[in-house]
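A structural walkthrough
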Amino acid sequence: MKLPNRYTLSGTNNTGGMGDIYYCTDTHLQREVVIKLLKANEEQRRLFDEQKCLIQLRSKHVVQLYDVVDIEGRIGLVLEFIDGNDLQVSECSGNETKLLETLWQVSCGLADIHESGIIHRDIKPNNIRRANTGVVKVFDFGLSRKLDSAKTHSVIGTVGYMAPELWQQGQVVFTTAIDVYAFGVTALALAGVNAPDALFQYPPLPVGNGWLQAELPNLDSAIVSIIEQCLSYSPLDRPSISKVESLLRRYLLKDRHKGLLVMGTQVKELNGTNRSSKISFGSTGNIKDEITIKYDGFDFNVVALAGDVTINNIIVNVGDLLPEASVITLGSGSGSRGFVTFDISNPEVVS
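The paragraphs below set out a description of the structure included in this document. This structure is a prediction, so every number in the text was calculated from the model and none was measured.

Observations regarding the sheet that holds strand β20 (residues 314-315)
Pairing within the open sheet is antiparallel, and its six strands lie in the order β15-β14-β22-β21-β19-β20. Every other strand in the sheet has two partners, leaving β15 (266-270) and β20 as the edge strands with one partner each. Judged from the three bridges that link them, strand β19 (residues 309-311) and strand β21 (residues 325-330) form a sheet pairing that is antiparallel. Counterpart to V309 in the pairing with β21 is L330.

Following this line, the structure appears as structure tokens:
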């Protein structure tokens, strides 16, 4: 096989059911790449579909397409080489933090895919790879479709990860909800959960709510609930993957925020260890203006008030959330007042 001049073979090559994989070096840019060709001419359509999808995507959590080449009359995709291993069934079993971090990265990639108007159509552990740097990337777009052409006359995909609607007779029109369903099954696989037999019937059958908490007793109920929602029989009952990503990110950041209260020379910090603080203003013996703020691991909440208190010149009520940056005023405009600055340090999930 004659490669374009800039590419030289650098590693072991793989021949799979759908195509040939060549590990190469891009001598112009001095980087390792993968060149993917499909075997038969009738499979060229799928290759072009993959090319059209990937060319639009720029995501940390999705394999990148670098180039499209002609190799002896066959179209080849020059793809980012991911030095690492495919995700494995049960690899996060018993490790809730690893499970959340892995699922969050997958949801980030899938959210970027959906935002680009693409349905991946074959989400499963061995189409997701963890690079040696720890970054998780979705790859293999051989079955992907644009949203405006998401229909099929045949049952195509990986049994067990295919949503119930894909098993209908005749022409099937599908949405991004099939990826959300496959994401839910992937979550079960990574966690090593013994899923109900109904999910692995041909086609899958509905399952009730509440069964997953017993399988994942140490996982927060909100996360368990949204995974169950991903597996809903009706696509309309499944959440968007962006909603899943947002919830997973929220829990990965639990107890990692910091709130800094400054009043004159007084400085107080609220965090995962010091969760509550009361700030008062007024002389001894007089009625005080005061506010009590509590950090619940996600937000900073007003839990008690006395006297005249405003936040950014707006009257505050018990139950209100504090914004990221604010000035708390204690006391009325007709008398003396105390001013407290409050700033929230928001961490980020880093992958």
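Once you've had a look at it, read on.
So, unusual backbone geometry
Each neighbour pair has its own omega, and for Y202 with P203 the value is 0°, a cis peptide bond. With respect to the secondary-structure elements, P203 resides in the loop between α3 (177-191) and α4 (212-215). Notably, R121 is not glycine yet its phi reads approximately 85°, a positive angle. Take R121: it is sitting in the loop between β8 (118-119) and β9 (128-131). Residue R121 is classed as buried on the basis of its relative accessible area of 8%. With a phi angle near 65°, N313 is a residue other than glycine that sits in the positive phi range. Looking at where N313 falls in the secondary structure, it is placed in the loop between β19 and β20.

Section: empty space enclosed by the protein
Scanning the model with the defined rule gives one cavity of 30 Å³ or more in all. Volume-wise, the largest cavity comes out at about 70 Å³.

Conventions we followed
- For every chain, the first residue of the written sequence is number 1, and numbering continues from 1 along that sequence.
- In view of the model being predicted, local features appear only for residues whose pLDDT reaches at least 70, and side-chain atom pairs are presented and counted only at 80 or more, with totals across whole chains, interfaces and linings using the full set of residues.
- To get the side-chain values, take all heavy atoms of the structure and skip hydrogens and water.
- Note: two strands are recorded as paired if DSSP finds a minimum of 2 bridges between them.
- Elements are defined by DSSP. Helices are runs of H or I of four residues or more, strands are runs of E of two residues or more, and each kind is numbered from the N terminus.
- Partly exposed describes any residue whose relative accessible area lies between the buried limit of under 20% and the exposed limit of over 50%, with all areas from a 1.4 Å probe on protein chains only and scaled to the type maximum.
- Points on a 1 Å grid over protein atoms alone make up a cavity when a 1.4 Å probe fits among them but cannot get out, and a pocket when they form an open set with protein on both sides within 12 Å along at least five of seven lines; lining residues each have an atom within 4 Å of a point.
- Grid points are joined across faces, edges and corners, and a volume is the space filled by probe spheres set on the points.

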